[in-house]
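# A closer look at the structure
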Amino acid sequence: MGALDLPVARWGNGLAVRISAQMARELNVSEGSVIQAEVVGPAQLRLASAKPFDTKAFLDRLDRLHERMPMTEPVVDSMRRDARY
């Protein structure tokens, strides 16, 4: 698909550009998808499909984070114990 002139519209406090259905198909994006935008030069913007969310990688990263966190006494238990005295 060749270059298209796309109007820029206000969206809340920002600006938005609407892409055509054909462009969306070529990018393999749909409503709710995330795309990456990068300024690549003066007055030049590059759009690309973002990598799909990798649930396994996210959970692995979360597990590594939890391994580094020490287990401590629950705050509510310490508050209850301190309130009895």
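Described in the following lines is the structure provided in the data block. Keep in mind that what you see is a predicted model, and the values were worked out from it rather than measured. (Residues numbered from 1 in each chain as written. Predicted model: local features only at pLDDT ≥ 70, side-chain atom pairs only at ≥ 80, totals over all residues. Heavy atoms only, no water.)

## Structural notes on the pairing of strand S4 (residues 44–49)
Heads up, the condition is: If DSSP finds at least two bridges between two strands, the strands pair. The way it works is that DSSP assigns letters per residue, a run of H or I at least four long becomes a helix, a run of E at least two long becomes a strand, and they are numbered from the N terminus.
Where strand S3 (residues 35–41) and S4 come together, 6 bridges link them in antiparallel fashion. Across the sheet, residue glycine 41 finds its bridge partner in S4, namely glutamine 44. Here S3 hands over to S4 after 2 residues, with alanine 43 in that stretch at a positive phi of 60°.

## Quick word on the pattern of salt bridges
Rules: Note on definitions: salt bridges are taken to be side-chain nitrogens of Lys or Arg within 4 Å of carboxyl oxygens of Asp or Glu. The rule is simple: take the accessible area with a 1.4 Å probe, protein chains only, and divide by the maximum for that residue type; under 20% is buried, over 50% is exposed, in between is partly exposed.
In the structure shown here, the tally under the stated rule is 3 salt bridges. Note that arginine 46 and glutamate 38 form a salt bridge whose closest N and O atoms lie 2.4 Å from each other. According to the relative accessible area criterion, arginine 46 is partly exposed, its value standing at 44%. Judged by its relative accessible area of 38%, glutamate 38 falls in the partly exposed class. Residue aspartate 60 pairs with lysine 56 through a salt bridge whose shortest N-O separation is 3.0 Å.

## Quick notes on a nonpolar patch on the surface
Under the convention used in this document: Patch membership requires over 30% relative accessible area and the absence of a salt bridge. Like charges are linked within 9 Å, and nonpolar side chains (Val, Leu, Ile, Met, Phe, Trp, Tyr) within 5 Å. Accessible surface is estimated by sampling points in the Shrake-Rupley manner with a 1.4 Å probe; for residues, cover comes only from the protein chains shown.
Together, Leu4, Leu6, Val8, Leu15 and Val17 give the surface a local cluster of nonpolar side chains, amounting to about 450 Å² of exposed area. Judged by relative accessible area, which is 48%, valine 17 ranks as partly exposed.

## Section: the environment of alanine 48
We apply this condition: The contact criterion used throughout is that any non-hydrogen atoms of two residues lie within 4.5 Å.
For alanine 48, the position within the fold is in strand S4. Taking the relative accessible area as the measure of exposure, alanine 48 reaches 22% and is therefore partly exposed. Separated by 30 residues in sequence, alanine 48 and arginine 18 place their C-alpha atoms 14 Å apart. Among residues more than four places away in sequence, those in contact with alanine 48 are Ile35 and Gln36.

## Considerations on unusual backbone geometry
Its identity is not glycine, yet asparagine 28 carries a phi of approximately 60°, on the positive side. Positive phi outside glycine occurs at alanine 43, with the angle close to 60°. What makes alanine 43 exposed here is its relative accessible area of 90%.

By themselves, these observations are geometric and do not establish any function.
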